[in-house]
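Coordinates in review
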Amino acid sequence: MRYSKQVILLVVITISCVASFFMIYTEVRKNTIADLNSRQTAHARQAAKGLQDHFRHLTDMLTILSWQDEIIGMNAAGKTMLKDVRNTYATEIKGVTRVDAQGRILYTVPEHAASLGSDISSQEHVAEIMRTHTPVISDVFMAVQGFRAMALHVPVFKNGAFDGTLAFLISFDRLAEQYLKDIRI
């Protein structure tokens, strides 16, 4: 009988300790998750800002190129300019393409003879820029070359009239590596 009170006391103390441990664990877990979510939100905001700035820079670069007579006329000097731009940014820009007002490919770097003259006007982003004459960024898609990509098109104007587009084919994996690597789910 003397030991039964001690056993009961031991059981009550054990249950109290386990309950206290569980309550502390639950609170620490909740605070840790809240802190992690807060940090991930900050990373996501920073990544979004970085991506916006990056696409603004690329759009500005394409727009300036689209004003050049050599690009508008797509002569030898224009082709050299597109090759130089693509080679300078080769890790990220996987291709540069000049499209005419009807949506046919006039020139592309790297050169791909089979694609010249191809009608890409049915692609959603190309149809949109042909309709709006404003810069367009495509959704992510699988490029013919076998990597995930995005296309950024800006309009080209000749004597004030829409004359097609100039586009960058951008490696999505490179963008993800550069801007999204710190975000974890």
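Notes on the structure in this doc start here. (Residues numbered from 1 in each chain as written. Predicted model: local features only at pLDDT ≥ 70, side-chain atom pairs only at ≥ 80, totals over all residues. Heavy atoms only, no water.)

1. Focus: the environment of N159
- Here N159 is to be found in the loop between β5 (148–158) and β6 (161–171).
- Remark: the alpha-carbon pair of N159 and V136, spanning 23 residues in sequence, is separated by 22 Å. (Helix = DSSP H or I, 4+ residues; strand = E, 2+ residues; numbered from the N terminus.)

2. A closer look at unusual backbone geometry
- Cis geometry is adopted by the peptide bond preceding P110, which originates at V109 and carries an omega value of 0°.
- Mapped onto the fold, P110 is located in the loop between β2 (105–109) and α4 (124–132).
- Of note in the backbone geometry, M74 takes a positive phi value of approximately 50° without being a glycine.
- Along the chain, M74 turns up in the loop between α2 (69–72) and α3 (76–88).
- Unlike most non-glycine residues, N159 shows phi in positive territory, near 55°.

3. Comments concerning the nonpolar core
- Judged by nonpolar contacts, the single largest core of 26 residues is most densely connected at F55, L58, L82, L166, F168 and I170.
- Of the residues forming this core, the biggest block, 6 residues, is contributed by helix α1 (residues 2–66).
- Excluding anything up to four places from it in sequence, I170 contacts F55, L58, E92, R148, A149, M150, L152 and L175. (Core = buried A, V, L, I, M, F, W, Y, C linked by side-chain atoms within 4.5 Å. Buried < 20%, exposed > 50% of the residue type's maximum accessible area, 1.4 Å probe, protein only. Contact = heavy atoms within 4.5 Å.)

4. Some remarks on the packing of aromatic side chains
- Scanning all chains against the criterion turns up 1 aromatic pair.
- Their ring planes at 75° and their centres at 6.3 Å tell us that F157 and F162 sit as a pair that is edge-to-face.
- Classification of F157 by relative accessible area gives partly exposed; the value is 35%. (Phe/Tyr/Trp six-rings, centres within 6.5 Å; stacked < 30°, edge-to-face > 60°.)

5. Quick look at the pairing of β2
- Within β2, 4 of the 5 residues are buried, which leaves it mostly tucked inside the rest of the structure.
- Pairing of strand β1 (residues 93–99) with β2, which is carried by 4 bridges, proceeds in the antiparallel orientation. For T97, the partnering residue across the bridge sits in β2 and is T108.
- Taking the residues between adjacent antiparallel strands as the criterion, β1 and β2 are bridged by 5 residues, where G103 takes a positive phi near 90°. (Pairing = 2+ DSSP bridges.)

6. Some thoughts on α3
- Between the first and last C-alpha of α3 there are 18 Å, a value that for 13 residues agrees with the 18 Å anticipated at 1.5 Å per step.
- Listed in full, the buried residues belonging to α3 are G78, L82, V85 and R86. Looking straight down α3, one finds its buried side chains confined to an arc of 95°; they lie on one side. In α3, the exposed positions angled more than 90 degrees off the buried face are occupied by A76, N87 and T88. (Expected span 1.5 Å × (residues − 1). Arc of directions from axis to C-beta.)

7. Details of the pattern of salt bridges
- Going through the model one piece at a time under the given rule, you end up with 6 salt bridges.
- Between R56 and D53 there is a salt bridge whose closest N-O contact spans 2.9 Å. Here D53 and R56 lie together in helix α1, a separation of 3 residues that amounts to about one turn.
- For R56, a relative accessible area of 47% corresponds to the partly exposed category.
- Look at D53 and you get partly exposed, because its relative accessible area is 31%.
- D173 is paired through a salt bridge with R148; the nearest N and O atoms lie 2.5 Å apart. Of this pair, D173 sits in helix α5 (residues 172–180) while R148 sits in strand β5, placing them 25 residues apart in sequence. (Salt bridge = Lys/Arg side-chain N within 4 Å of Asp/Glu carboxyl O.)

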